[in-house]
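Architecture and fold: a report
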Amino acid sequence: MVTRSDFPEDFVWGASTASYQIEGAHDEDGRAPSIWDAFSHTPGKVIGGATGDVACDHYHRYKEDVALMRQAGFTAYRFSVSWSRIMPEGHGAVNAAGLDFYDRLVDELLANNIAPWLCLYHWDLPLALHENGLGWTSREIVPLFADYAGLLADRLGDRVTHWATFNEPNMFTMLGYGAGVHAPGIRDRDRWLDAVHHVNLSHGAAVRRLRDQLPGGAQIGSVPNLQPVRPASDNDQDREAAARMDAVMNRATADPVFLGKYDPLTREWMGDRIRPDDEAAIYEPLDWLGLNHYSPHYAAARANAFGFRSMDPPEGAEKTLMGWHVAPDAFRDILVETSKRYSVPVYVTENGMADDVEPDNQGQVKDDARISYLDRYLGALLEARAEGADIRGYLVWSMLDNFEWAMGYGPRFGIVHVDYATQVRTPKASYHFLAALARASPDA
Ligand code: GBH
């Protein structure tokens with residue numbers, strides 16, 4: 001098992017969450033709906049008809065949740081802001097009561113010696129923007145996103161040191177606009193590519209605004225989901241397919257943001273979406289990369305628009321409740337590759353697994369599989385560091401069991417169990433495992 005002394009003294013330990021997945025209070029204090037409110041309330045979109053109306057009721061219980069973070073010895077907490085809570089229309093009028101919530105949350109974190117890592121966008125676009133044709137498929141969203149970033153910098157910039165623009169820009173564009181399985185439920189290759197490019201441009205515009213408004217020393221980054229793509233078989237066609245899938249799934253958002261250039265394959269697909277000055281407008285030097293990683297992808301050749309198809313993990317592979325392949329070596333590989341390719345400090349901002357373990361009759365949540373997963377993935381992280389990768393922290397997904405998007409409340413990713421009927425929180429065995437690593441740190 002990994003131990004505290006395997007990690008450097010200043011290694012950052014923490015947890016991540018997202019607004020729509022935990023907050024609830026969907027119509028309180030002036031919050032307007034996001035595309036996820038509309039999507040989850042559309043029959044047939046989310047398993048069991050689940051919605052984020054209440055979720056973990058974190059909006060009212062944030063103090064209790066922050067106390068659990070402190071008791072774990074965490075020194076960082078990544079959360080996201082619900083855009084439509086603070087700007088109901090997505091632009092224009094500001095909802096002061098919504099902003100007050102994030103103000104209280106940030107103060108509570110600081111009072112508990114936890115650094116707030118604020119993510120501007122974790123998938124809950126204001127519904128009004130989408131309905132008015134100003135969503136990610138429109139280039140007009142770019143200055144609106146920068147204004148939204150500016151509003152938060154104005155209000156919280158004196159206390160929040162770590163800022164991220166997008167959570168998994170590659171994933172929400174693909175799932176929401178390409179595959180249609182996430183909000184807003186669009187299934188169209190061109191709209192997907194539009195969204196990718198506008199998200200990239202919005203990132204650049206927001207970073208410039210943050211740099212202008214935040215005090216020097218602010219740590220600004222972005223959070224791609226990076227999963228190495230492995231060829232389903234060892235032949236040239238599948239290897240070529242894997243390269244194409246890597247370009248679409250990993251590089252389409254990470255390369256322009258961290259290197260200032262689209263990968264040649266993505267560039268070809270983007271066509272004349274890319275105007276002459278766009279790459280320069282996307283690129284701003286960043287202080288950190290937040291890496292979300294769960295499992296590798298597998299690709300096989302196929303004669304479709306992108307020239308690949310996604311394959312299942314090999315026969316007999318160990319899988320979690322989500323069907324995702326447990327492969328710590330893929331984690332090591334992507335950490336080494338990411339650190340090298342983008343030469344920027346890397347923090348793991350999501351990693352973890354889903355199960356459905358409930359408290360036993362002594363009230364204990366014995367999630368042994370999660371402990372084994374975390375132990376092996378942290379071991380892989382140490383291997384990547386030994387190979388020279390600059391990995392500075394680990395924020396587990398997730399602090400709490402929560403609304404798992406189209407899967408509803410079945411899969412539980414938390415290190416703290418949530419009984420949704422009573423909102424009782426129960427730290428799981430994996431919470432104590434991570435706390436033993438984090439608490440031993442000198443500043444905890
Ligand atoms: C993240 O997305 C999100 O940021 C977070 O909100 C979410 O709750 C969390 O992960 C858990 O889902 O089928 O084996 O090829 C994760 C994005 C994209 C990761 C699909 C796994 C498929 C693995 N996921 N990917 S596999």
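Structure: see above.
What comes next concerns the included structure. Just so you know, these numbers come straight off a predicted model, no measurement behind them. (Residues numbered from 1 in each chain as written. Predicted model: local features only at pLDDT ≥ 70, side-chain atom pairs only at ≥ 80, totals over all residues. Heavy atoms only, no water.)

1. Topic: the pairing of strand S2 (residues 76–80)
Across the five residues of S2, five count as buried, placing the element largely inside the fold. Every second residue of S2 is oriented toward a common face, with Ala 76, Arg 78 and Ser 80 on one face and Tyr 77 and Phe 79 on the other, all of them buried. (Buried < 20%, exposed > 50% of the residue type's maximum accessible area, 1.4 Å probe, protein only. Helix = DSSP H or I, 4+ residues; strand = E, 2+ residues; numbered from the N terminus.)

2. Here we look at the site of the ligand
Taken together, the neighbourhood of the ligand is formed by 17 residues, with Gln 21, His 122, Glu 350, Glu 404 and Trp 405 sitting nearest. Tyr 294 is positioned with one of its side-chain polar atoms (N or O) 3.3 Å from an oxygen atom of the ligand. A distance of 2.6 Å is found between an oxygen atom of the ligand and a side-chain nitrogen or oxygen belonging to Glu 404. With the chains in place, 87% of the 580 Å² that the ligand exposes on its own is no longer accessible. Here the shell around the ligand is built from residues that sort into seven nonpolar, seven polar and three charged. (Near = heavy atom within 4 Å. Polar contact = N/O pair within 3.5 Å; in protein donor to acceptor, adjacent residues only side chain to side chain. Areas by Shrake-Rupley, 256 points an atom, 1.4 Å probe, with all protein chains shown as cover. Nonpolar A, V, L, I, M, F, W, Y, C, P; charged D, E, K, R; others polar.)

3. Overview of unusual backbone geometry
With omega at 5°, the peptide bond leading from Ala 183 into Pro 184 counts as cis. Following the sequence through the fold, Pro 184 ends up in the loop between helix H8 (169–178) and helix H9 (189–213). The amide bond that connects Trp 397 to the next residue, Ser 398, takes the cis arrangement and shows omega of 10°. Mapping Ser 398 onto the fold places it in the loop between strand S11 (391–397) and strand S12 (416–419). Unlike most non-glycine residues, Ala 55 shows phi in positive territory, near 50°. By secondary structure assignment, the location of Ala 55 is in the loop between helix H2 (35–40) and helix H3 (58–72). Positive phi is not limited to glycine here, since Glu 168 has a value of about 50°. Positionally, Glu 168 belongs in the loop between strand S4 (162–167) and H8.

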